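# Inside the fold
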Amino acid sequence: MAEITNCPELSNVDVSDNNITDVPQSIAMLKKLRYLNLTNNNIDDLPAYIGTIESLTKISLEGNSMRRIRRGILEKKTSELKKYLVGRLTNDDLKAFYEAESGESDRLPSFWHYAISDGTGVKKLKLNSKQIEEIPPQAWEIPFKSVDFEDNKLSTIPDEILNISASLKRLMLSQNVLREFPAVICSLSNLTELSLKQNRISSVPSSIASLEKLESVDLRSNRLASCPEGLLKIRKLRILYLGMNSIRNIDSICELKDSHLEHVDVSNNNIGSLTPNIRFHRKLTYLNLENNVAARLRLPKAHRG
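This structure is a prediction, so every number in the text was calculated from the model and none was measured.

What counts and what doesn't
Residues numbered from 1 in each chain as written. Predicted model: local features only at pLDDT ≥ 70, side-chain atom pairs only at ≥ 80, totals over all residues. Heavy atoms only, no water. Helix = DSSP H or I, 4+ residues; strand = E, 2+ residues; numbered from the N terminus. Buried < 20%, exposed > 50% of the residue type's maximum accessible area, 1.4 Å probe, protein only. Contact = heavy atoms within 4.5 Å. Areas by Shrake-Rupley, 256 points an atom, 1.4 Å probe, with all protein chains shown as cover. Salt bridge = Lys/Arg side-chain N within 4 Å of Asp/Glu carboxyl O. pLDDT = per-residue confidence, 0-100. Pairing = 2+ DSSP bridges. Axes fitted to C-alpha atoms, helices over the stretch in contact; angles between N-to-C directions. Core = buried A, V, L, I, M, F, W, Y, C linked by side-chain atoms within 4.5 Å.

Across its full length, the protein chain carries 4 helices and 12 strands. For the protein chain, the proportion of its 305 residues judged to be buried stands at 48%. When contacts within the protein chain are restricted to residue pairs at least 6 apart in sequence, long-range pairs at least 24 apart make up 34% of them. Accessible area of the protein chain: about 15,700 Å², with a carbon and sulfur share of 44%.

All right, on to the pattern of salt bridges then. According to the stated counting rule, one finds 8 salt bridges in the structure shown. Between Lys 83 and Glu 80 there is a salt bridge, with its nearest N and O atoms 3.5 Å apart. Of this pair, Lys 83 and Glu 80 both sit in helix H2 (residues 78-86), 3 residues apart, which is roughly one turn of the helix. Judged by relative accessible area, which is 32%, Glu 80 ranks as partly exposed. The partner of Asp 148 in a salt bridge is Lys 126, with the nearest N and O atoms 3.1 Å apart. With a gap of 22 residues between them, Asp 148 in strand E6 (residues 146-148) and Lys 126 in strand E5 (residues 122-126) connect regions that are remote in the sequence. For Asp 148, a relative accessible area of 6% puts it in the buried group. Beyond isolated ion pairs, a larger network of salt bridges with shared partners links Glu 215, Arg 238 and Glu 262.

Regions with low pLDDT carry predicted coordinates that are not meant to be interpreted in detail. Here the protein chain shows a mean pLDDT of 85. Residues at 70 or above account for 84%. Predicted confidence for residues 102-110 stays below pLDDT 50, and this span has 10 contacts to residues more than four positions away or in other chains.

Taken together, the 3 strands give an open sheet; going across it, the order is E1-E2-E3, and neighbouring strands pair in parallel fashion. Bordering the open sheet on either side are strand E1 (12-14) and strand E3 (58-60), each of which pairs with just one other strand. Neighbouring strand axes in the sheet, compared pairwise and without regard to direction, differ in orientation by 5° on average. Pairing of strand E2 (residues 35-37) with E3 involves 3 bridges; the strand directions are parallel. Bridge pairing links Leu 36 to Ile 59 in E3.

All right, on to the nonpolar core then. In this structure, Phe 149, Leu 171 and Ile 185 are the most contacted members of the largest nonpolar core, which totals 54 residues. In terms of nonpolar packing, the next biggest core, distinct from the first, is built from 25 residues, Leu 38, Leu 46, Met 66 and Leu 85 among them.

Written out as structure tokens, the structure reads:
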């Protein structure tokens, strides 16, 4: 089967009923391949590099043992199978693959070049300080756990990010030009850490409360006039950065019951006082009120030294 990978124009390959036991890694060189029929062979695994073929939309695998890939994965769409396969590649695998393409990588999406392996596969995408204005859809074809687009020129976040909602846990979008909180973020149900520091956001939708796994949020240096109520409904939220905004009071934080907040930064705002109920925050270990309205800032009697 390796011989056919020397035919770069192939778009449809049918090698069914041939007693094939292995699919060569070089199959990934067929950049125009759309359909691969492998039915009724003796294949028990697929090379992870198949997942890098952007044009591939269908793989037929019926009649093979496929013992090394879980049935639940095999029953999903080809796009999901491709994501799974790419996730098995290490960063060194990807680097070697693109180096072997003899310069062709310059015309291919470069997201894999910036992927970082955690030892078990590609899990992180780090593309900060690249002057990026728009994220192409190809960025969301790999099931990243962490995505970092800090210090770019993004004004929107595409809905295609939902393609990796099942895996995405950490999203870093600080230092961009977002004027509104991207609503699509509220559908990233597995997110645990979110940073939108140094943007131009003036409000946060109440639907953010649906992110029940969120533990850390950084909204420093935006244009918030009040504490986002939706955030405070997230029971797992432990770390909250709201410094350098225009917030006048944090009564909603002070009045929280059964709060899990441990670290709160509301420095450099316009806060003048705290309500006595702040004392009920038993888990709170860090509270930064630096550089607020110092002349008027009043602490509850129980907290005055």
